[in-house]
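# Structural characterization, general
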Amino acid sequence: MKMISSERIYLDHNATTPVDREVLEAMLPWFSEKFGNAASRTHLSGRLAAEAVENSRSYIADFIGASSSEIVFTSGSTESVNLAIKGAASAYCKKGNHIITWQTEHKAVLDTCGRLELSGFDVTYLPVNREGLPDLTELENAITPKTILISMMMVNNETGVIMTVKEAAEIAHANGSLFFTDATQAAGKLRIDVNELGADLLCISAHKMYGPKGTGILYVRRKNPRVHLDPLIDGGGHENGIRSGTLNVPGIIGMQKAAEVCIRRYWDDSSMISKLRTLLEQILTDDGFGYINGSVRNRIYNTTNICFPGIRASELMTRLPEIEFSSGSACSSALPAPSHVLTAMGLTEEQAYSSVRFSLGRMNSMEAVLEAGSKIKTTIENLRTS
Ligand SMILES: *Cc1c(COP(=O)(O)O)cnc(C)c1O
């Protein structure tokens, strides 16, 4: 029987990516024949798993310019963010109780900081300008001797804006605080080097780079300075006691393979996907049809966030179920709030509700993007005149 609906076009790669075929194939044996627990050192099955995990650890460390001993495997970036911020807050609370971050961070960071505020920590949420970029003199002014941690994402998930991480890290270090960056949207697209960036803590997640869901890492600097974290999860003392729990061996193998594929495709992905984004933006922004939110200059190549005055993103989505993208609001609740990222950039609630995020990826073809662009344009024209 033939499906009536036309084929879906997926333009939401910042939410998650499909698992690359090569990644899936690399993972499969580790579910069945090679099922060992990497913590079981008394037999071959366990040792084989441990060896594979250490191999992946070393590869992923290299991927971000770190050493193996600085990589902690987690269930993904939400957990890594919690471990970085809560773990540092707890370990350094004798030194101070102040944390600085930005209003446009991912909810994983904002909600974690919010939780710490309930237990006596003081958090400064710095603003951004209309382009979504920070003003680093405001960071300098906000730092106090009690500032233990500064947290700035590398690439914003809603707008694709690339933040000034290296400069912020320098300011952090000049004032004796640690620097954490959520690099989830950068990994696989931008080359990451923890030393070049000056990151003391950094997280990435496999499922945002064509790997499996449920696996990520936290990088924890071992020297200059050696960073201490109190664990969130206690148990068998895995991962140097920082994160107990049986390791997700297939996930870890998949994350390594995903990194390999990204390295191989850095150039192809960026040149192809940026062309597709340009094409989509031409269709949707020409003659003031829509306008781009966020810095056009400092932006990752796959993301575009466009405001279409006079329409609601939610209505556009309802009319175009076959095209998958996300709106400028958190749809997780019954009454969606306008995007905290866009409102922090100075958009009105109305403008935020009229904004749409498209995030392109490896599987998108020119034909698909052209088809999506023209359907979206027609639908918006109809919504505006209805
Ligand atoms: C997706 C995302 C996260 C959360 O990562 P998970 O691995 O899904 O928990 C955190 N920060 C940013 C910027 C993200 O895009």
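The structure under discussion appears in the preceding block.
Owing to the predicted nature of the structure, the values given are computational and were not obtained by experimental measurement. (Residues numbered from 1 in each chain as written. Predicted model: local features only at pLDDT ≥ 70, side-chain atom pairs only at ≥ 80, totals over all residues. Heavy atoms only, no water.)

### So, the overall build of the protein chain
Spelled out, the test is: Secondary structure follows DSSP: runs of H or I at least 4 residues long count as helices, runs of E at least 2 residues long count as strands, and numbering of each begins at the N terminus. Here the globule rule reads 2.2 Å times residues to the power 0.38, and the radius of gyration is calculated from C-alpha atoms. Any two residues having at least one pair of non-hydrogen atoms within 4.5 Å are treated as being in contact.
The secondary structure content of the protein chain amounts to 12 helices and 15 strands. Relative to a compact globule of 386 residues, whose C-alpha radius of gyration would be 21 Å, the protein chain shows 22 Å and is just as compact. Reported as C-alpha extents along the three principal axes, the dimensions of the protein chain are approximately 70 × 55 × 40 Å. For the protein chain, the proportion of contacts with a sequence separation of at least 24, taken over those separated by at least 6, is 73%.

### Observations concerning the sheet that holds strand E6 (residues 178-182)
The condition that has to hold: Pairs of strands are assigned from DSSP output, requiring at least two bridges between the strands. Orientation is described by axes fitted as lines to C-alpha atoms, over the contacting stretch for helices, and by angles from 0 to 180 degrees between their N-to-C directions.
Strand order in the open sheet formed by 7 strands is E2-E8-E7-E6-E5-E3-E4, with mixed pairing between adjacent strands. Of all strands in the sheet, those bounded by a partner on one side alone are strand E2 (71-74) and strand E4 (122-126). Looking at each pair of strands side by side, their axes are set apart by 20° on average, direction ignored. Taken together, the 4 bridges between E2 and strand E8 (residues 216-220) define a ladder with antiparallel strand orientation. Bridge pairing in E8 links Val72 to Leu218. With respect to the sheet, helix H2 (residues 44-63) is in contact with E2, strand E7 (201-205) and E8, its orientation differing from that of E2 by roughly 115°.

### With respect to the site of the ligand
Just so we agree on the cut-off: When we say a residue is near a molecule or strand, we mean one of its heavy atoms is within 4 Å of it. As used in this structure description, the phrase polar contact means that two N or O atoms lie within 3.5 Å; if the pair is within protein, one of them must be able to donate a hydrogen and the other to accept it, and residues adjacent in sequence are counted only when both atoms belong to side chains. Surface accessibility in these figures is a Shrake-Rupley result with a 1.4 Å probe; residues are shielded only by whichever protein chains are displayed. Nonpolar residues are Ala, Val, Leu, Ile, Met, Phe, Trp, Tyr, Cys and Pro. Charged residues are Asp, Glu, Lys and Arg, and all others, Gly as well, are polar.
By nearness alone, every residue bordering the ligand is listed as Gly76, Ser77, Thr78, His106, Met153, Asn157, Asp182, Thr184, Gln185, Ser205, His207 and Lys208. Within the side chain of His207, one N or O atom sits 2.8 Å away from an oxygen atom of the ligand. Taking 380 Å² as the accessible area of the ligand by itself, protein coverage stands at 88%. Looking at the shell around the ligand residue by residue, the class counts come to 1 nonpolar, 9 polar and 2 charged.

### Section: the pattern of salt bridges
The criterion, for reference: The salt bridge criterion pairs a side-chain nitrogen of Lys or Arg with a carboxyl oxygen of Asp or Glu, the two atoms within 4 Å. Classification of residues uses two cut-offs on accessible area relative to the type maximum, computed with a 1.4 Å probe and protein chains only: under 20% is buried, over 50% is exposed, and between them is partly exposed.
If you walk through the whole model with that rule in mind, you get 15 salt bridges. Measuring nitrogen to oxygen at the nearest pair gives 2.9 Å for the salt bridge that ties Asp12 to Arg357. Of the two residues, Asp12 sits in the loop between strand E1 (9-10) and helix H1 (21-27) while Arg357 sits in strand E15 (residues 355-359), which places them 345 residues apart along the sequence. As far as the burial class goes, Asp12 and Arg357 line up, both buried. Of the charged contacts in the structure, one is a salt bridge between Arg191 and Glu196, with a shortest N-O distance of 3.7 Å. Judged by relative accessible area, Arg191 falls into the exposed class, the value being 58%. Salt bridges here are not isolated pairs; linked through shared partners, they connect Asp20, Arg265, Asp269 and Arg362.

### Description of the packing of helix H3 (residues 77-91) against helix H4 (residues 107-118)
How we decide: Handedness of a crossing follows from how the near helix is turned relative to the far one, being left-handed for an anticlockwise turn of less than a right angle and right-handed for a clockwise one.
Relative to each other, H3 and H4 sit at 30°, their axes nearing to 9 Å. Regarding H3 and H4, the two cross each other, and that crossing is right-handed. For the pair formed by H3 and H4, the contact residues are Thr78, Val81, Asn82, Ile85, Lys86 and Ala89 on the first element and Ala108, Val109, Thr112, Cys113, Arg115 and Leu116 on the second. Taken together, the residues of the contact of H3 with H4 sort by class into 7 nonpolar, 3 polar and 2 charged.

### So, the sheet that holds strand E10 (residues 303-307)
On the basis of which strands lie adjacent, the open sheet formed by 4 strands has the order E9-E10-E15-E12 and antiparallel pairing. Unpaired on one side and paired on the other, strand E9 (291-292) and strand E12 (326-327) mark the two borders of the sheet. The strands touched by helix H8 (residues 249-285) within the sheet are E9, E10 and E15, with E10 carrying the most contacts at an inclination of about 5°.

### Digging into H2
Test applied: To estimate how far a helix should reach, multiply one less than its number of residues by 1.5 Å.
Taking 1.5 Å as the rise per residue, H2 with 20 residues should run 28 Å; its terminal C-alpha atoms sit 28 Å apart, in good agreement. Within H2, burial applies to Gly46, Ala49, Ala50, Ala52, Val53, Ser56, Arg57, Ile60, Ala61 and Phe63. Among the structural elements, E2, E7, E8 and H8 are those in contact with the buried residues of H2. Trailing H2 by a residue or two, Gly65 shows a phi angle of about 70°, which is positive.

### Focus on the environment of Asp12
For Asp12, a relative accessible area of 12% gives the class buried. For the pair formed by Asp12 and Phe325, sequence separation is 313 residues and the distance between their alpha carbons is 4.8 Å.

### Considering the packing of aromatic side chains
We describe a pair of aromatic rings using the distance from one ring centre to the other and the angle between the two ring planes. Note the following rule: Centres within 6.5 Å make a pair out of two Phe, Tyr or Trp rings, where for Trp the six-membered ring is used; the pair is then stacked when the planes are under 30 degrees apart, edge-to-face when over 60, and tilted otherwise.
Counted under the stated rule, the structure contains 2 aromatic pairs. Taking 6.1 Å as the distance between ring centres and 70° as the angle between the ring planes, the aromatic pair formed by Phe289 and Phe308 counts as edge-to-face. You can see Phe289 sitting in the loop between H8 and E9 and its partner Phe308 sitting in the loop between E10 and helix H9 (313-319), a full 19 residues away along the chain. Take Phe289 and Phe308: they sit in the same class, and that class is buried.

### Overview of unusual backbone geometry
With omega at -5°, the peptide bond leading from Asn224 into Pro225 counts as cis. Secondary-structure assignment places Pro225 in the loop between E8 and H8. Not every positive phi belongs to a glycine, and Asn224 is a case in point at roughly 50°. Among the secondary structure elements, Asn224 is positioned in the loop between E8 and H8. A positive phi is found at Asp287, a non-glycine position, where the angle reads about 55°. The residue Asp287 is located in the loop between H8 and E9 in this model.

### Description of the nonpolar core
Put simply, the test is: We define the nonpolar core as a collection of buried residues of types Ala, Val, Leu, Ile, Met, Phe, Trp, Tyr and Cys that are connected through side-chain atoms lying within 4.5 Å of one another.
One finds Ile64, Leu139, Ile192, Leu202 and Ile204 to be the most contacted residues of the largest nonpolar core, which totals 67 residues. Here this core takes 8 residues from H8, the largest share from any one element. When neighbours within four sequence positions are excluded, Leu139 is seen to be in contact with Ile100, Trp102, Leu126, Ile150, Ala168 and Ile171.

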